[in-house]
Amino acid sequence: MNIAGIEFPEGLYYDDKHNWARVEGDVVVQGMTEFGQQIAQEIVFVEMPRMGRQVEQGETFMSMESGKWVGRVPALVSGKIMEANEELEWEPMLVNESPYDEGWLVKIEMEDPSELKNLMQADSPELKAFIEDQAEEYEEILD
């Protein structure tokens, strides 16, 4: 799905902090959207969360930095952090280069799949309206 000139892959879930979630059985792979990395610009540091840590949906559990920005990353679902993308410690630019593939952030063992209802999907009118508003707000950065 293309919204405001930016691709939002179908089958993923999205929040209003520019994160995405892909469900793989009872595990959620979480990352930053293409739009998010464009407005953050070059990611220079990713703080890795502790493995086994219990997180709640919406709770900040890690951060990322670019030259002018520090972003707090909330968990998209409640559960236990099973894995973090350790490649990002050495190559944080993977978030910019491959946000939906090699630039994933964490894998969380999901406790309650019904929490996914709190997120948006690529074809939802809520995501379209949110991204169009954000594209207007960050127009200078995105050009």
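Refer to the structure above for everything that follows.
Keep in mind it's a predicted model, so treat the numbers as computed, not measured. Residue numbers here run from 1 along each chain, matching the order of that chain's written sequence. With the structure being a predicted model, the display of local features is reserved for residues of pLDDT at least 70 and the display and counting of side-chain atom pairs for 80 or more, all residues being used for whole-chain, interface and lining totals. The side-chain values count all of the structure's non-hydrogen atoms but skip hydrogen atoms and water molecules.

Caption draft 1: Seen up close, the pattern of salt bridges. Basic side-chain nitrogens of Lys or Arg form a salt bridge, by our definition, when they fall within 4 Å of a carboxyl oxygen of Asp or Glu. Tallied over the entire structure, the rule returns five salt bridges. As a salt-bridge pair, R22 and E24 come within 3.0 Å of each other at their nearest N and O atoms. Only protein chains enter the accessibility calculation, which uses a 1.4 Å probe. A residue is then buried if its area is under 20% of the maximum for its type, exposed if over 50%, and partly exposed in between. The exposure class assigned to R22 is partly exposed, which follows from its relative accessible area of 24%.

Caption draft 2: Region of interest: a negative patch on the surface. Each patch is built from residues that are more than 30% exposed by relative accessible area and take part in no salt bridge. Like charges join if they lie within 9 Å; nonpolar side chains (Val, Leu, Ile, Met, Phe, Trp, Tyr) join within 5 Å. The Shrake-Rupley method, run with a 1.4 Å probe, gives the accessible areas here. Residue values count only the displayed protein chains as cover. By the counting rule applied here, Lys and Arg register as positive and Asp and Glu as negative, while His and the ends of each chain are not counted. Throughout, a charge is located at the NZ atom of Lys, the CZ atom of Arg, the CG atom of Asp or the CD atom of Glu. Together, E86, E87, E89, E91, E97, D101 and E102 make up a region of like negative charge exposed at the surface. Strands here are runs of E lasting at least two residues and helices are runs of H or I lasting at least four, both read from the DSSP assignment and numbered beginning at the N terminus. Positionally, E91 belongs in the loop between α2 (87-90) and α3 (94-97).

Caption draft 3: Region of the structure containing the sheet that holds strand β12 (residues 120-121). Paired strands, as defined in this entry, are two strands with at least two bridges between them according to DSSP. With antiparallel pairing, seven strands are arranged side by side in an open sheet as β7-β10-β11-β5-β4-β3-β12. Lying at the two open borders of the sheet, with one neighbouring strand each, are β7 (54-55) and β12. Pairing geometry for strand β4 (residues 19-24) and strand β5 (residues 27-32), over six bridges, is antiparallel. Residue pairing in the sheet places R22 in a bridge with V29 of β5.

Caption draft 4: Focus on the packing of aromatic side chains. Two rings belonging to Phe, Tyr or Trp (six-membered ring only in the last case) form a pair when the distance between their centres is within 6.5 Å. Interplanar angles under 30 degrees mark stacking, angles over 60 mark edge-to-face geometry, and anything in between is tilted. Following the criterion strictly, the structure yields two aromatic pairs and no others. Between F8 and Y14, the ring centres sit 5.4 Å apart and the planes meet at 75°, which makes this aromatic pair edge-to-face. In terms of burial, F8 and Y14 fall into one category: buried. Between K107 and the ring centre of W104, over which it is positioned, the NZ or CZ distance is 5.0 Å. Note on geometry: a ring has a charge over it if NZ (lysine) or CZ (arginine) is within 6 Å of the ring centre and within 35 degrees of the ring normal.

Caption draft 5: Examining the environment of I141 more closely. Mapped onto the elements, I141 comes out in helix α5 (residues 139-142). Residue classification places I141 among the partly exposed positions, given a relative accessible area of 35%. It is 16 Å that separates the C-alpha atoms of I141 and V70, two residues lying 71 residues apart in sequence. Throughout, a residue-residue contact means that at least one pair of heavy atoms, one from each residue, lies within 4.5 Å. Sequence-distant contacts of I141, defined by excluding residues within four places in its chain, comprise Q38, I39 and Q41.

Caption draft 6: Examining the pairing of β4 more closely. Direction of pairing for strand β3 (residues 13-14) relative to β4: antiparallel, over a ladder of two bridges. By the bridge assignment, Y13 is partnered in β4 with A21. Counting the residues between successive antiparallel strands, the hairpin from β3 to β4 contains four residues, one of them, H18, with a positive phi of roughly 70°.

Caption draft 7: How the structure looks around the sheet that holds strand β6 (residues 43-46). The three strands are arranged β6-β8-β9 in an open sheet whose pairing can be described as antiparallel. Looking at the sheet topology across the chains shown, the edges are occupied by β6 and β9 (70-74). Sheet twist, expressed as the average angle between the axes of neighbouring strands with direction ignored, equals 30°. As defined by bridge partners, β6 adjoins strand β8 (residues 60-66) across three bridges and the pair is classed as antiparallel. Bridging from a neighbouring strand, V46 pairs with M64 of β8. All axes are obtained by fitting lines to C-alpha atoms, using only the stretch in contact for helices, and the reported angles, taken between N-to-C directions, cover 0 to 180 degrees.

Caption draft 8: Geometry of helix α4 (residues 125-137). Look at α4: 18 Å from first C-alpha to last across 13 residues, which is about the 18 Å you get at 1.5 Å a residue. Residues of α4 that are buried: L127, F130, I131, Q134 and A135. Buried residues in α4, looked at end-on, bunch into an arc of 135°, giving them a common side. Summarising the geometry of α4, the exposed residues directed more than 90 degrees from the buried face are P125, D133 and E136. Those residues of α4 that are buried are in contact with β1 (2-3), β3, α1 (34-40), β12 and α5. How far a helix is expected to stretch is found by multiplying one less than its residue total by 1.5 Å. By arc we mean the arc of the directions from the helix axis to the C-beta atoms, nothing more.

Distances and angles like these do not, on their own, reveal function.
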